[in-house]
Amino acid sequence: KNPSKTMLKHLQWMMAKDNLKQDMLLVGPPGAGAIHRRRLAMMYAEMTHQQVEILTLSSDVTESDLKQRRELISPTAGQGARLEFVDQ
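So, here's what we can say about the structure. (Residues numbered from 1 in each chain as written. Predicted model: local features only at pLDDT ≥ 70, side-chain atom pairs only at ≥ 80, totals over all residues. Heavy atoms only, no water.)

Taking 1.5 Å per residue as the helical rise, helix α1 (residues 5-19) with its 15 residues ought to reach 21 Å, and the 21 Å between its terminal C-alpha atoms agrees with that figure. Considered for burial, the residues of α1 that qualify are Met7, Leu11 and Met14. Buried residues in α1, looked at end-on, bunch into an arc of 60 degrees, giving them a common side. For α1, exposure combined with an orientation more than 90 degrees from the buried face picks out Lys5, Lys9, Gln12 and Asn19. (Helix = DSSP H or I, 4+ residues; strand = E, 2+ residues; numbered from the N terminus. Expected span 1.5 Å × (residues − 1). Buried < 20%, exposed > 50% of the residue type's maximum accessible area, 1.4 Å probe, protein only. Arc of directions from axis to C-beta.)

Take a look at the structure:
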């Protein structure tokens, strides 16, 4: 199935962020919105042949929590650097 115009705009935005090596955060309503965000992320990962890691946030997770848990993993053979979130 071909993506909608809205989905293509989101994918273009994600590609721009990825090319600039910037973080992305997909935000929207729970329920059907969560399914849309997950589908969008999976579609982008498939298109760019990237690994997928899912991080579920709740209302009690703060920006500080995320910064404390984020570690940049060095590139390995055939792979670029990636972010990993580690429970501490």
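Structurally, the position occupied by Val52 is in the loop between α2 (32-48) and α3 (63-69). Considering only alpha carbons, one finds Val52 and Ala41, 11 residues apart in sequence, at a separation of 8.1 Å. Residues contacting Val52, with those up to four places away along its chain left out, are Met42 and Ala45. (Contact = heavy atoms within 4.5 Å.)

In this section: unusual backbone geometry. Negative phi characterises most residues that are not glycine, and trans characterises most peptide bonds. Despite not being glycine, Lys21 shows a phi value in the positive range, around 60 degrees. Among the secondary structure elements, Lys21 is positioned in the loop between α1 and α2. One non-glycine residue with positive phi stands out, namely His49, at about 55 degrees. The topology assignment puts His49 in the loop between α2 and α3. The exposure class assigned to His49 is exposed, which follows from its relative accessible area of 74%.

In summary, soluble globular proteins display a tendency toward joint burial of nonpolar side chains. With 5 residues, the main nonpolar core is built from Met7, Leu11, Met14, Leu40 and Tyr44. Elements with a contribution of two residues or more to this core: α1 and α2. Per-element accounting of this core gives the leading share, 3 residues, to α1. Residue contacts for Met7: discarding those within four places in its chain leaves His36, Leu40 and Met43. (Core = buried A, V, L, I, M, F, W, Y, C linked by side-chain atoms within 4.5 Å.)

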